[in-house]
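Structure at a glance
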Amino acid sequence: MRDIKSLDIKALEAELSNLGESKFRAKQIFTWIHQKNVQTFDEMLNISKELRKKLKEIYYISHSSIEKKLISCYDSTVKYLFSFDDGECVEAVLMSYRHGYSACISTQAGCKMGCTFCATGRGGFRRNLTAGEMISQLQAMESDQNVRISNIVLMGMGEPLDNYDNVIRFLSLVSSSDGMNIGMRHITLSTCGLADKIAELAKLRLQLTLSVSLHAPNDEIRNKTMPVNRRFPVDELLRQCRAYAKTTGRRVSFEYAMISGLNDTHECACELVSRLKGMLCHVNLIPVNEVKETHYRKSSKQSLREFCDYLNSHGIPATIRRTLGSDINASCGQLRGEHKF
Ligand code: SAH
Ligand code: SF4
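Considerations on the sheet that holds strand S5 (residues 89–97)
Adjacent strands of a sheet form backbone hydrogen bonds with each other and so pair up, either parallel or antiparallel. The strand order S3-S4-S5-S6-S9-S10-S11-S12-S13-S14 describes an open sheet built from 10 strands, whose pairing is mixed. The strands lining the two open edges of the sheet, one partner per strand, are strand S3 (65–71) and strand S14 (318–320). Neighbouring strand axes in the sheet, compared pairwise and without regard to direction, differ in orientation by 20° on average. Pairing geometry for strand S13 (residues 281–287) and S14, over three bridges, is parallel. In the strand pairing of S14, Asn284 is matched with Thr319.

Here it is in structure tokens:
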């Protein structure tokens, strides 16, 4: 059985032709799945009984079931633990901003990258999600809260560029005007820095925001927290980021989680400035989220302020990111970690 939610209209047309069906059904089926969010083939009222029967034999419609839900009492952030048909679980978060709703979704169940500060990384890898499973997280949040999502960040569990083909397929599905119709400019893809895939992504010239989890200005510190740095050291990563900004004309955003005494010193700020000079970029500073079983502690408010001011006064645009849902551990991997299977 295959996930029909992962097929775009072109792919559906080809499959329908093979079944001896008219191609124009593809758009109808796509709309039922992506705009009307049907859970079963029998809800597709303008599709004949015979075709529905055929479809049921070949495909399933992927679905995210809510296992657990936490609502922040500080803001209206909602955090979800979703499960799929095979029992795998992932997390997603719905945040409300003045301009609309923003959803943070997962691209893999678990993650192979093993970043030492990250709850997901500590939990290991389970499997890649299909494009349809990424779509279904958005749909589940929209129908649970009865809202329309306008922005997406691929910052939940998993490394999007380690599930490259499915993520690219997802981007095309979610931005389709016959589907959820969320434009690339409203999508952010966050990566731990798979430089080879960044180069591949640049060639597509998508208008999305690339966010790179840098978290350190040099190999010495980055090697300690991010094993991926041994494959793609800082120099090589930043070279690809510069090329990405040049090719796409889009500003690259760098995530920098401030860990007390590790990457938050004045020297680190100076080194970061010299590394990023001249690049079309922005730095997002966040106090590290203290994950159980790690010894990392948040930098002080003052260190964050000083670091941020130094970057800004030396030509690197930087902001301290507002943390939403801090009472519900709205950062990735923590809810799944606590969930008893
Ligand atoms: N794998 C991708 C996207 C998912 S992680 C990536 O690493 O970019 C989303 C973001 O959360 C990344 O910037 C990641 O570095 C950050 N993150 C993970 N654990 C964190 C923690 N304990 N505190 C602060 N940020 C964290
Ligand atoms: Fe994976 Fe991102 Fe967590 Fe690193 S920070 S372990 S890449 S999810």
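What follows continues from the structure just given.
Quick notes on the site of ligand 1
Around ligand 1, the surrounding shell holds 19 residues, and the nearest of these are Gly158, Ser190, Ser213, His215 and Asn289. Between an oxygen atom of ligand 1 and a main-chain N or O atom of Thr191, the distance comes to 3.4 Å. His215 places a side-chain nitrogen or oxygen 2.5 Å from an oxygen atom of ligand 1. When isolated, ligand 1 has an accessible area of 530 Å², and the protein chains bury 93% of it. For the shell around ligand 1, the secondary structure elements donating two or more residues are strand S10 (187–191) and strand S12 (252–258). Residues belonging to the shell around ligand 1 are distributed by class as follows: 10 nonpolar, seven polar and two charged.

Notes on helix H3 (residues 49–58)
Of all the residues in H3, the buried ones are Leu51, Arg52 and Leu55. For H3, the angular spread of buried residues about the axis comes to 100°, placing them on one side. Summarising the geometry of H3, the exposed residues directed more than 90 degrees from the buried face are Lys49, Glu50, Lys53 and Glu57. Looking at the packing, one finds that the buried side of H3 touches helix H1 (9–18), helix H2 (25–34) and strand S2 (59–60).

Description of the environment of Ala103
Mapped onto the secondary structure, Ala103 falls in strand S6 (residues 100–104). Given a relative accessible area of 0%, Ala103 falls into the buried group. In this structure, the C-alpha to C-alpha distance between Ala103 and Ser6, residues 97 residues apart in sequence, is 19 Å. Not counting residues within four places of it along the chain, the set of residues in contact with Ala103 comprises Val93, Leu94, Leu138, Met141, Ile149, Asn151, Ile152 and Val153.

Let's talk about the nonpolar core
Among the nonpolar cores identified, the biggest contains 104 residues, and Ile4, Ile29, Ile152, Phe170 and Phe254 are the most heavily contacted of them. Counting contributing residues per domain, this core is built from domain 1 (2–60) and domain 2 (65–338), each supplying no fewer than three.

Observations concerning the side chain of Asp264
Examined against the element boundaries, Asp264 turns out to sit in the loop between S12 and helix H10 (266–276). Within the buried set, Asp264 has no salt-bridge partner at all; the shortest N-O distance to an opposite charge, 12 Å, is to Lys224. In this structure the side chain of Asp264 is engaged in a polar contact, spanning 2.9 Å, whose partner is the backbone nitrogen of Gly261. One polar contact links Asp264 to Ser299, side chain to side chain, over a distance of 2.9 Å. Setting aside residues no more than four positions away along its own chain, Asp264 makes contact with Met258, Ile259, Ser299, Ser303 and Phe307.

Observations concerning the confidence of the model for the protein
Predicted confidence across the protein gives a mean pLDDT of 94, with 94% of residues reaching 70 or more. Here residues 337–341 is modelled with pLDDT under 50, and outside its nearest four sequence neighbours on either side it reaches eight contacts, counting other chains as well.

Some thoughts on the domain arrangement of the protein
For the protein, the assigned domains are domain 1 (2–60) and domain 2 (65–338). Put simply, the middle of domain 1 and the middle of domain 2, counted by C-alpha atoms, are 33 Å apart. Between domain 1 and domain 2, the contact holds 14 residues from the first and 17 residues from the second. Together, the buried faces of domain 1 and domain 2 total about 1100 Å²; carbon and sulfur atoms form 48% of this surface. For domain 1, the biggest contributors to the area lost against domain 2 are Lys5, Ser6 and His34; these three give 41% of the whole.

Concerning the environment of Val93
In this fold, Val93 is placed in strand S5. Between the C-alpha atom of Val93 and that of Leu154, which follows or precedes it by 61 residues, the distance is 11 Å.

Concerning the pairing of S12
Of all seven residues that make up S12, seven are buried, and the element is covered over most of its length. Of the pairings in the sheet, the one linking strand S11 (residues 209–213) to S12 comprises three bridges and is parallel in character. Pairing of Val212 across the sheet is with Phe254, part of S12. You can see the chain leave S12, run along H10 and come back into S13, and the turn it takes is right-handed.

The rules behind each value
Residues numbered from 1 in each chain as written. Chains lettered and ligands numbered in written order. Predicted model: local features only at pLDDT ≥ 70, side-chain atom pairs only at ≥ 80, totals over all residues. Heavy atoms only, no water. Pairing = 2+ DSSP bridges. Helix = DSSP H or I, 4+ residues; strand = E, 2+ residues; numbered from the N terminus. Axes fitted to C-alpha atoms, helices over the stretch in contact; angles between N-to-C directions. Near = heavy atom within 4 Å. Polar contact = N/O pair within 3.5 Å; in protein donor to acceptor, adjacent residues only side chain to side chain. Areas by Shrake-Rupley, 256 points an atom, 1.4 Å probe, with all protein chains shown as cover. Nonpolar A, V, L, I, M, F, W, Y, C, P; charged D, E, K, R; others polar. Buried < 20%, exposed > 50% of the residue type's maximum accessible area, 1.4 Å probe, protein only. Arc of directions from axis to C-beta. Contact = heavy atoms within 4.5 Å. Core = buried A, V, L, I, M, F, W, Y, C linked by side-chain atoms within 4.5 Å. Domains from an automatic or database assignment. Lys, Arg positive; Asp, Glu negative; His and termini not counted. Salt bridge = Lys/Arg side-chain N within 4 Å of Asp/Glu carboxyl O. pLDDT = per-residue confidence, 0-100. Buried area = accessible area lost by both parts, 1.4 Å probe. Right-handed = clockwise from strand over helix to strand, strands pointing away.

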